[in-house]
Amino acid sequence: MSSVSSAVCRIALASVLALGTLAGLAGCGGAQRAPESTFVLLDGSKKTTADLKGKVTLVNFWATSCVTCVAEMPKIISTYNKYQGRGYDTLAVAMSYDPPSYVVNYVETRKLPFKVAIDNTGAVAKAWGDVQLTPTTYVVNKRGEIVKQYVGEPDFAALHQLIEKLLAET
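Reading the values: rules and limits
Residues numbered from 1 in each chain as written. Predicted model: local features only at pLDDT ≥ 70, side-chain atom pairs only at ≥ 80, totals over all residues. Heavy atoms only, no water. Phe/Tyr/Trp six-rings, centres within 6.5 Å; stacked < 30°, edge-to-face > 60°. Helix = DSSP H or I, 4+ residues; strand = E, 2+ residues; numbered from the N terminus. Buried < 20%, exposed > 50% of the residue type's maximum accessible area, 1.4 Å probe, protein only.

Participant: I'd like a description of the packing of aromatic side chains, backed by residues and values.
Facilitator: Throughout the structure, instances matching the rule amount to seven aromatic pairs. Considering the side-chain rings of Trp62 and Tyr106, the 5.2 Å spacing of their centres and the 50° angle between planes classify their relative orientation as tilted. Pair noted here: Trp62 is in strand E4 (residues 56-62) and Tyr106 is in helix H3 (residues 100-110), with a separation of 44 residues, a long-range link. Summarising the burial analysis for this pair, Trp62 and Tyr106 share the class buried. Between Tyr80 and Phe114, the aromatic rings sit 5.5 Å apart at their centres with planes inclined by 70°, giving edge-to-face as the arrangement. In this pair, Tyr80 is assigned in helix H2 (residues 67-83) and Phe114 in the loop between H3 and strand E6 (115-118), connecting sequence segments 34 residues apart. Assigned by exposure class, Tyr80 and Phe114 land together as buried. A connected cluster of aromatic rings, assembled from ring pairs, spans Phe39, Phe61, Trp128 and Tyr138.

Structure representation (structure tokens):
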């Protein structure tokens, strides 16, 4: 990283710390620990941020009413299917305003192969940088650090390259 971009990232990090949001870190080389969160899955079980460690995980905030979210979901499924046998996981987090019955119907009719949580209170979205725009997607490395954030649909070719790189890390 050049000294200029390093300085920009330091300023962004200072702003992030002051504002309490992760959005300012997009594109910076420094990884930030994923926030402590409890995800309530559709089956009623719970998963925590600590459970993400040891795998490369895509955490996708989405809504059934979000056109881009629905359009990107087949690519998220395909990415999951491609890498899940190699230590990769996906966790889709439905936004608090999404009616649970819509989420359940979507998951069942589209046969989503990964875990889906409903953020009933909005606490998870708040902890992850006050997510308000969907889709917002985070890539978390095996150490539980956020290495990339996407607002909007990711460039899936670049995402796959990043996943390959992260899966190769020990």
